[in-house]
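So the chains spell out like this:
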Amino acid sequence: MSDFDPRRIARAIREAQITRMEQSTKLVAMAPDGLGEAVLASASDAVVATDREGIITFWNPGAERIFGFATSEAVGRSLDLIVPDNLRPRHWAGYRHVMATGESRYGHGDLLSVPALTKNGSRVSVEFTIVMLRDDRGRPAGTAAILRDVTKRFEETRQLKRELAQSLQSKGGLSR
Ligand code: HEM
């Protein structure tokens, strides 16, 4: 079984979830058989796995839907495929740090919110958490990210902020 076998990724995600549950409730959840595979095959969230160098090794139907690239177009490419130019230095600095230390700041429920590139050149807003992938000796072997498209909510919030600013401005204008 290769490091990037879907079953290995499903197991890493399940183990991370169990660890989190153990930490918070001291209970061990038994995931039903096939749960991981079913989640990976879903088209709602993107699951993207990469090797140590940040080369894409796994791309699920959710990633195809959100980013527009077919699995065959994404696997084997660098994450630069979906990371916008201006964010690459920060992304790769963080990525290399995580590969060197084996710890991510975004693996315990904290979300990373970023704009991402799609195949048709448009941008989407995504939020994601990171799961460490490790080899048999526990050394960092890559990462898996679970990403959700939050473009609609992001744009609604931006519009509301704009309207609020305009409304405050016009009220300020009236009272002067
Ligand atoms: C979709 C477009 C993406 C953008 C724009 C992006 C951007 C970024 C940025 C700005 C950071 C630095 C965060 C910080 O300093 O707090 C970062 C860190 C990181 N990114 Fe990405 N990223 C993207 C996708 C991904 C994907 C798909 C993966 C994994 C498969 C990934 C793995 C990482 C890792 C491991 C870190 C280090 C996190 C840490 O410090 O704990 N990124 N990224």
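Structure first, text after, so check above.
Quick caveat: nothing in here was measured; it's all calculated off a predicted structure.

1. Details of the overall build of the chain
Reasoning step 1: The secondary structure content of the chain amounts to 6 helices and 5 strands.
Reasoning step 2: Beginning at the N terminus, the succession of helices and strands in the chain can be written as α-α-β-β-α-α-α-β-β-β-α.
Reasoning step 3: Residue burial in the chain is summarised as follows: out of 176 residues, 23% are buried.
Reasoning step 4: Look at the contacts in the chain between residues 6 or more apart in sequence, and 45% of them connect residues 24 or more apart.

2. Focus: the nonpolar core
One broad rule of soluble globular proteins: the nonpolar side chains tend to lie buried together.
Reasoning step 1: With 29 residues, the main nonpolar core has Ile9, Val48, Ala63 and Ala144 as its most contacted residues.
Reasoning step 2: Sorting elements by how many residues they give to this core places strand 4 (residues 123–134) first, with 6 residues.
Reasoning step 3: Each residue touching Ala63, except ones within four places of it in the same chain, is listed here: Ala46, Val47, Val48 and Ala74.

3. Some thoughts on the pairing of strand 5 (residues 140–149)
Reasoning step 1: With 7 of 10 residues buried, strand 5 is to be regarded as a mostly interior element.
Reasoning step 2: With 6 bridges connecting them, strand 1 (residues 46–51) and strand 5 associate as antiparallel partners. Along strand 5, the bridge assignment pairs Val48 with Ala145.
Reasoning step 3: When strand 4 meets strand 5, the two strands line up antiparallel, connected through 9 bridges.

Criteria and thresholds
- Residues numbered from 1 in each chain as written.
- Predicted model: local features only at pLDDT ≥ 70, side-chain atom pairs only at ≥ 80, totals over all residues.
- Helix = DSSP H or I, 4+ residues; strand = E, 2+ residues; numbered from the N terminus.
- Buried ≥ 20, exposed ≤ 12 C-beta atoms within 10 Å, placed from the backbone.
- Contact = placed C-beta atoms within 7 Å.
- Core = buried A, V, L, I, M, F, W, Y, C linked by C-beta atoms within 7 Å.
- Pairing = 2+ DSSP bridges.

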